Structures are given as C-alpha cells and as structure tokens.
Amino acid sequence: MTPQKLVRPEILALKAYGVADAGGMVKLDAMENPYPLPPAMRRELAEVLSRVDLNRYPEPSGRELRALIARKMGVPQGMEVLLGNGSDDLIQIVTLALARPGAVMMYPAPTFVMYSMNATFSGMKAVAVPLREDFSFDAAAFIERMRAERPALVFLAYPNNPTGVLYPEADLVRVIEACEGLVVMDEAYHVFAGRTFMGRLNEFRNLVVLRTVSKLGLAGIRLGYLAGRPEWIAEFNKVRQAYNVNVLTQAAALFILERLEVLEEQASLIRKEREILKKNLLGLKGVTVFPSEANFFLVRVPDADRAYEGLRRQGVLVRNLHPGLKGCLRVTVGTPDENRVLLTALREAL
Ligand code: PMP
C-alpha cells in the first residue's frame, strides 16, 4: 500500500506550499508587518491572555469578535461576518461549498496560489486568465472567458499578489455584473491600497469580501474574515470546522483590534517606506519595478536565481518566483533599516 497507489493523482502532482527557513535572516519574503506591538500593549495583552480558559472550547462562531470586526472594519448593516483560521481557511471553505461536480473557478493569473490549490483539493476546474505583460487586468478578455466557462466562483485579489497591482474598480464592477457565479474580492492588502469593496456589498448579490489581519501585523494569530450577505454566510458556516478560531486568537484579536489605530499607524509607516523603497529600487540598473499598492514589490532582475542566492548569502530572504514568473523576485517592504540592507545586498547580488 503506497501513497502513489492510494492518493489522488492530482494531489500527488502538487507541490506543498513552500516556506523557506528564515532563521537569523532579514525576513522580506512573506508580506509581514515588520513592527512589533508597543511594549506596554504587549504586557497588557499578556495579562489578557493569562485569563483565557484554555480548558474550554472557543465560542464556536466567535460572536464577540465578529461584532467587533463588523464595527471596526466598516461591514455594512445587514451583512454578516464569518471567521477563519487565516483567510486561507476561508478560501477553502468557500471553494468546498461551491465545488459542485463540473463547477469552474476562475481568476486572473498570476495570483495567489491557494486559489488553484483549493480548486485541486475540491475537484473544481481552475481557469486562469492571463494578465497583460505589465500585469494589468484585461477585463474584456476575462469577461469573454467567463461567458464561455460560466464559473461558479471567481477570485479577484485587490490588490493582487504576487504583483502588487491594484485593478481599476470599474473593471472589477464589470466582472461582478457579468458573473453568474460568486465573486470573492480578496482584500488581504487593502490597508496598503486604501481601496475596498466593503462599502459596496449591498449593491451586488454575488459579492463577498475576504480579509485577513495577517498583513496588518497579526500573521501569527491566524485570523481571516469574510463579509457578505447572510444567505451566503449561512451556507459557508456549514462547511467551517466548529472551532476553527481558537480561544487565544479570539482573545488576542478582541484586545488588539479594539486598538486598531496602533496597527493602522504602522501600516501608514509601511506605505511611506514603500515609496522610498520604490524610488531606490527604480535607481538600480537593470531592475524593473512593477507598480504596487500593497506592502511588497514585484521586481524583474537580469538573473533571478542568482540575485535570490546572492541575497540569501547576505542574510536577506525574499521570495523567488522564477521560473514561474520569469526573472522575478517579490520583496516585502520592511523597516527603514531592513530596506537599506536589502538595497545594499541587492546591488551586490545583481
Ligand atoms: N489572500 C492573498 C491575496 C494573500 O496574498 C494571502 C497571503 N499570502 C492570503 C490571502 C492568505 O493570508 P492568511 O491566510 O494569512 O490570512
């Protein structure tokens, strides 16, 4: 009895989502917020967490946290919130729920790999529509393909990962209006773009908004949320594992999101640093920088494997997207010091 005989061929063919060992490195590979919480807040949080009853299961739907998120994140009246163990969990929940036999998932590509991975897990057919050369969105081509494929599910990352590009809102509205399936607006990076469809949920019956607190500064607690009409949320809630958001995550998020301004302040620092980093990257010979409204840049270099290894040798970890994305690295915006280290190392590594 070997796995090769028993495991589904499409799973055998997959590669596990790779995460490089970052021990002792300047970590610019995963779009994390580089800033810790202020020390006083950390001490207060420790006190709060010390009171959590670890012997009890979580309140299953995270009622209090859902209410706080609705209030703090501008979820419109009448819409509901579903919590996930990261937004990865919610991508899986939505995909599983919509994976009727023969159902199609569509997305512009390149994009976040978890969409296609979940299509594979659930037996959905994944249809990737290429972005233009410069990674801008060709809405007409996408809509034409939608007419042929009639997807049950469309993922739009707003802004997109790994490119950082923010598609024009009007183009996405055209897609939502032309789509007979559900559109998931994945707003993982919305704090860095300042754009959102949250306030427009009421306008479309087939739209839900997916968010995460990961990029905001809480990647370690694993918390995502999905906002949408109660009738969608009710179905997805059936697929959710009963206790998918643990007590420590719920308690930490309740405490920290009540003080959201601390994280928003950090995001605004990151946005300022993004502009400085962009200018400096553009100054490097042979480097193409794609426009980003997120907390990272996609850059094209003459030899991505060489640059990646050169950076690694100098203690800087970025994401190597080559050969899938020819000649491309993705670099997260770090602290001013980290960005300086990156630039010096990259000059050396090119
Ligand atoms: N959506 C997008 C577009 C992402 O880039 C990521 C993380 N790389 C996620 C969702 C998942 O984030 P998390 O599971 O940490 O919430």
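Residues numbered from 1 in each chain as written. Predicted model: local features only at pLDDT ≥ 70, side-chain atom pairs only at ≥ 80, totals over all residues. Heavy atoms only, no water.

Enquirer: Summarise the overall build of the protein; cite the residues concerned and give the values.
Expert: Counting secondary structure elements, the protein contains 15 helices and 13 strands. For the protein, the C-alpha radius of gyration of 20 Å lies close to 20 Å, the compact-globule estimate for 350 residues. Each of the three principal axes of the protein carries a C-alpha extent, and together these read 55 × 55 × 55 Å. Taking all 350 residues of the protein together, 52% fall into the buried category. Within the protein, residue pairs in contact and separated by at least 24 positions form 73% of the contacts whose partners lie at least 6 positions apart. About 16600 Å² of surface is accessible on the protein, with carbon and sulfur atoms providing 52% of the total. Measuring between centres, the 44 positive side-chain charges of the protein sit 2 Å from its 39 negative side-chain charges. (Helix = DSSP H or I, 4+ residues; strand = E, 2+ residues; numbered from the N terminus. Rg over C-alpha atoms; globule rule 2.2 N^0.38 Å. Buried < 20%, exposed > 50% of the residue type's maximum accessible area, 1.4 Å probe, protein only. Contact = heavy atoms within 4.5 Å. Areas by Shrake-Rupley, 256 points an atom, 1.4 Å probe, with all protein chains shown as cover. Lys, Arg positive; Asp, Glu negative; His and termini not counted. Charge placed at Lys NZ, Arg CZ, Asp CG, Glu CD.)

Enquirer: Give me the site of the ligand: which residues, what numbers.
Expert: Around the ligand sit 13 residues in total, of which Ser87, Asp186, Tyr189, Thr212 and Ser214 are the nearest. Within the side chain of Lys215, a nitrogen or oxygen atom sits 3.2 Å from a nitrogen atom of the ligand. Calculation on the ligand without its partners gives an accessible area of 400 Å², and the protein chains cover 94% of this total. The element contributing the most residues to the shell around the ligand is helix α5 (residues 86-98), with three residues. Here the shell around the ligand is built from residues that sort into four nonpolar, five polar and four charged. (Near = heavy atom within 4 Å. Polar contact = N/O pair within 3.5 Å; in protein donor to acceptor, adjacent residues only side chain to side chain. Nonpolar A, V, L, I, M, F, W, Y, C, P; charged D, E, K, R; others polar.)

Enquirer: Please provide a residue-by-residue account of the sheet that holds strand β12 (residues 319-320), values included.
Expert: Spatially, four strands are ordered β9-β10-β13-β12 in an open sheet, and the strand pairing comes out antiparallel. Of all the strands in the sheet, the pair left with one neighbour each is β9 (288-289) and β12. In this sheet, strand β13 (residues 328-332) lies alongside strand β10 (residues 296-300) in antiparallel orientation, the contact comprising five bridges. Residue Phe297 lies in a different strand from β13, and its bridge partner there is Val331. Sitting on the sheet, helix α13 (residues 260-282) touches β9, β10 and β13, and the angle it makes with β10 is about 10°. (Pairing = 2+ DSSP bridges. Axes fitted to C-alpha atoms, helices over the stretch in contact; angles between N-to-C directions.)

Enquirer: Give a detailed account of unusual backbone geometry, specifying residues and quantitative values.
Expert: Phi is mostly negative for residues that are not glycine, and the peptide bonds are mostly trans. Here the residue pair Tyr158 and Pro159 is connected by a cis peptide bond, since its omega of 0° sits within 30 degrees of zero. Along the polypeptide, Pro159 turns up in the loop between β5 (153-157) and α8 (169-178). Note the cis peptide between His322 and Pro323, where omega equals 5°. Within the secondary structure layout, Pro323 lies in the loop between β12 and β13. One non-glycine residue, Phe135, lies in the positive phi region at around 70°. When you line up the elements, Phe135 lands in the loop between β4 (125-130) and α7 (139-149). The phi dihedral of Arg222 is positive, around 60°, even though this residue is not glycine. Here Arg222 shows up in the loop between α10 (214-218) and β8 (224-228).

Enquirer: I'd like a rundown of the nonpolar core, residues and numbers included.
Expert: Counting 97 residues, the largest nonpolar core has Met185, Leu257 and Leu281 as its most contacted members. Excluding anything up to four places from it in sequence, Met185 contacts Leu156, Tyr158, Leu172, Ile176, Phe197, Leu207, Val208, Val209 and Leu210. Listed in part, the 26 residues of the second largest apolar core include Leu90, Ala119, Met124 and Ala157. (Core = buried A, V, L, I, M, F, W, Y, C linked by side-chain atoms within 4.5 Å.)

Nothing here speaks to function; it is geometry throughout.
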